[in-house]
Structures are given as C-alpha cells and as structure tokens.
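The primary structure of each chain is shown beneath.
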Amino acid sequence: MKLKPTDFIVILTGAGISAESGIRTFRAQDGLWEEHRIEDVATPEGFMRNPELVHAFYNQRRRQLQEASVMPNPAHLALTRLEQQWPGDVLIITQNVDNLHERAGSQKLLHMHGELNKIFCQFCKTRLIWNTDLSTETACPHCGNVGMLRPDIVWFGETPYHMDEILRALAVCQLFISIGTSGLVYPAAKFAQIASQAYRIETNLQETEISGSFNKHLIGPAGSEIPKLIEALLAREFLV
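Residues numbered from 1 in each chain as written. Predicted model: local features only at pLDDT ≥ 70, side-chain atom pairs only at ≥ 80, totals over all residues. Heavy atoms only, no water.

**Remarks on the environment of F123**
Line of reasoning, step 1. Tracing the backbone through its elements, the reader meets F123 in the loop between β4 (114-121) and β5 (127-129).
Line of reasoning, step 2. F123 sits in the exposed class, given a relative accessible area of 53%.
Line of reasoning, step 3. Along the chain, F123 and V146 lie 23 residues apart, while their C-alpha atoms are 9.6 Å from each other. (Helix = DSSP H or I, 4+ residues; strand = E, 2+ residues; numbered from the N terminus. Buried < 20%, exposed > 50% of the residue type's maximum accessible area, 1.4 Å probe, protein only.)

In structure tokens form, the structure reads like this:
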C-alpha cells in the first residue's frame, strides 16, 4: 500500500541529525558531558550545588550555535520541505536543544528537552528568549529577581515538555520516522512502541537497541538518507 496524502506523519530527531551540522553531542562514550559528570551539569541537584559551573557549561553550548560553521544540513531542510508540501499533518518532535530545525524553516515542532536559546525564571515561572551568557548575577527581565534564572533545559529527573501532545500524536499517526536517536534515553526510546499502529522507519548510522521496534531501517548519514526518503514520500513512490 501507499501512504495516503491525508496521513499524519510524526518525526523524532536526536543528536545524530545535529552532529552532521557540527553540533558536538554532549554525551561521550564514557558517559561524560564535555568532560563533566552528568550529575554535575544536567540535573537539578547539580545546579543547586554549583550553578556557576552549570551556567558556564550551557553558555558554551549557546555560543556554539552562533558559530558560522553551524548550519542546518540537508536533513533539516528536507524535513522542512516535507512539512510545507505534504498535504496531511506533519509534526517534528526533537530531543535536541539547538535551533537548527527553526533555522531550516520548520514550524510544526516540539522541543521535548527544552531549548538552549531560552531561559526559565524559577521565581515568576516566565520563559524568555536568551542568546547571550547567563550567570547567577543575571536579573530576570520580567520580575527583576537575581539568581533565579536557569537554562530552559529538561535535566535528568525532570519531565520532558509537551508529553501529552506527543503521546496523542504517536497514538494516531500513520507514519513514524526516527532520525539519529540512540534509543537509550527515555521516554523517547519508547516512542516507536507507542506508535505501534504506524509504519515505523529508523534512520541511523547503525542499528540501535530499539531497532526491533521498526519496520524499516535506513543505515547511513541523515543528510543523505532523509532527503531521498522525503523525495520518495512526496512523489508518492514510498510503499509501506
């Protein structure tokens, strides 16, 4: 059978798609994030212990997004094309905290792990766009309190954003595509199982621990595999 033009497509993107744009993945094989323990820079407890270290860590990540060499790659652009040209609904769910999907033109997008270019005030609960460094001395532009701002990032032990909307979409979509995800981080690692009624495609450099949950595997860089897949979908040449 072929997908119908009205079918709902849900796409999950992970670190693999951003790595092709020059974004260094936080987590190395030894479990360290840029030579820091996860517990020190990616948990609420770590922020309470040493907010200066956490701010320095995310300031560096935020600056990286502004490097001239960091640009959306062909996979980002192909997903934007699908969003713009597919007659049915398309939703991108990203585990990434960069802004490459937005810079490629995507608009139907959910950041489940937050965004580097946003901050959150723990006092007034306001979220704000933020493109410069942040410190314990920075006053909240909304309420004026000092020392209450944190990166708007979902840390380990915290609930990802938009989960109700994500689960509803997974339950009803007809096609689920996973791009560049490790299959190790939950709850995203369970999304393919939740979308059990959909046709499921995994794109990665190699098989993952959750590859058995997918109907089809595309092995290779997202920047080459995703444009070909999108071209086939839009030409109604992709059979499921």
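**Quick word on the nonpolar core**
The nonpolar side chains of a soluble globular protein tend to be buried, and buried together.
Line of reasoning, step 1. With 23 residues, the main nonpolar core has I11, I177 and I226 as its most contacted residues.
Line of reasoning, step 2. Looking at this core, the elements with two or more residues in it are β1 (9-13), α5 (74-85), β2 (90-94), β7 (175-179) and α9 (222-234).
Line of reasoning, step 3. With six residues, α9 is the single largest residue contributor to this core.
Line of reasoning, step 4. Once residues within four sequence positions are removed from consideration, I226 is found in contact with A75, A78, L79, I179 and T203.
Line of reasoning, step 5. Among the nonpolar cores identified, the runner-up in size contains 20 residues, and L91, L110, A188 and F214 belong to it. (Core = buried A, V, L, I, M, F, W, Y, C linked by side-chain atoms within 4.5 Å. Contact = heavy atoms within 4.5 Å.)

**Some thoughts on the UniProt feature "binding site: substrate" (unreviewed entry) in the protein**
Line of reasoning, step 1. Following the UniProt record, the feature "binding site: substrate" (unreviewed entry) maps to Y58 and R61 here.
Line of reasoning, step 2. Tracing the chain through its elements places Y58 in helix α4 (residues 51-64).
Line of reasoning, step 3. For R61, the location among the structural elements is in helix α4.
Line of reasoning, step 4. Residue R61 is classed as buried on the basis of its relative accessible area of 1%.
Line of reasoning, step 5. A polar atom in the side chain of R61 sits 2.9 Å from the backbone oxygen of F57. (UniProt positions renumbered as here; feature names shortened; annotations may be inferred. Polar contact = N/O pair within 3.5 Å; in protein donor to acceptor, adjacent residues only side chain to side chain.)

**Digging into the domain arrangement of the protein**
Line of reasoning, step 1. Here the protein is described as being made up of domain 1 (1-23 + 72-113 + 161-240) and domain 2 (26-69 + 114-153).
Line of reasoning, step 2. Contacts between domain 1 and domain 2 engage 13 residues on the former and 11 residues on the latter.
Line of reasoning, step 3. Taking both sides of the interface into account, the surface hidden between domain 1 and domain 2 amounts to around 940 Å²; carbon and sulfur atoms contribute 45%.
Line of reasoning, step 4. On the surface where domain 1 and domain 2 come into contact, there are zero salt bridges. (Domains from an automatic or database assignment. Buried area = accessible area lost by both parts, 1.4 Å probe. Salt bridge = Lys/Arg side-chain N within 4 Å of Asp/Glu carboxyl O.)

**Structural notes on the side chain of T80**
Line of reasoning, step 1. Looking at the secondary structure, you find T80 in helix α5.
Line of reasoning, step 2. For T80, the residues in contact, after removing those within four places along its chain, are H101, A104, G105 and S106.

**Side note on the pairing of strand β6 (residues 149-153)**
Line of reasoning, step 1. Here β6 lies mainly inside the structure; five of its five residues are buried.
Line of reasoning, step 2. Here four bridges tie β4 to β6, and the two strands are oriented antiparallel to one another. Residue pairing in the sheet places I119 in a bridge with P151 of β6. (Pairing = 2+ DSSP bridges.)

**Regarding the sheet that holds β4**
Line of reasoning, step 1. Pairing in this open sheet of three strands is antiparallel, and the strands run β5-β4-β6 from one edge to the other. Strands with a single pairing partner mark the edges of an open sheet, and in this sheet they are β5 and β6. Taken over all neighbouring pairs, the strand axes of this sheet differ in orientation by 45° on average, direction set aside.
Line of reasoning, step 2. Docked against the sheet, α4 engages β4 and β6, running at close to 50° with respect to β6. (Axes fitted to C-alpha atoms, helices over the stretch in contact; angles between N-to-C directions.)

**Quick look at the environment of Y58**
Line of reasoning, step 1. Using a relative accessible area of 0% as the deciding quantity, one classes Y58 as buried.
Line of reasoning, step 2. Residues Y58 and H101, 43 residues apart in the sequence, show an inter-C-alpha distance of 19 Å.
Line of reasoning, step 3. Looking at Y58, its side chain comes within polar contact range of the side chain of W155, at 2.9 Å.

**Considerations on the pattern of salt bridges**
Line of reasoning, step 1. Counted under the stated rule, the structure contains 10 salt bridges.
Line of reasoning, step 2. In this structure, the salt-bridge partner of K4 is D7, at a minimum N-O distance of 3.4 Å.
Line of reasoning, step 3. Residue D7 is classed as buried on the basis of its relative accessible area of 3%.
Line of reasoning, step 4. We note a salt bridge from E158 to R150, for which the minimum N-O separation is 2.9 Å.
Line of reasoning, step 5. Residue class for E158 comes out partly exposed when judged on its relative accessible area of 26%.
Line of reasoning, step 6. With relative accessibility at 9%, the residue R150 sits in the buried group.
Line of reasoning, step 7. Among the ionic contacts, a cluster of salt bridges with common partners joins R37, E39, D40 and R49.

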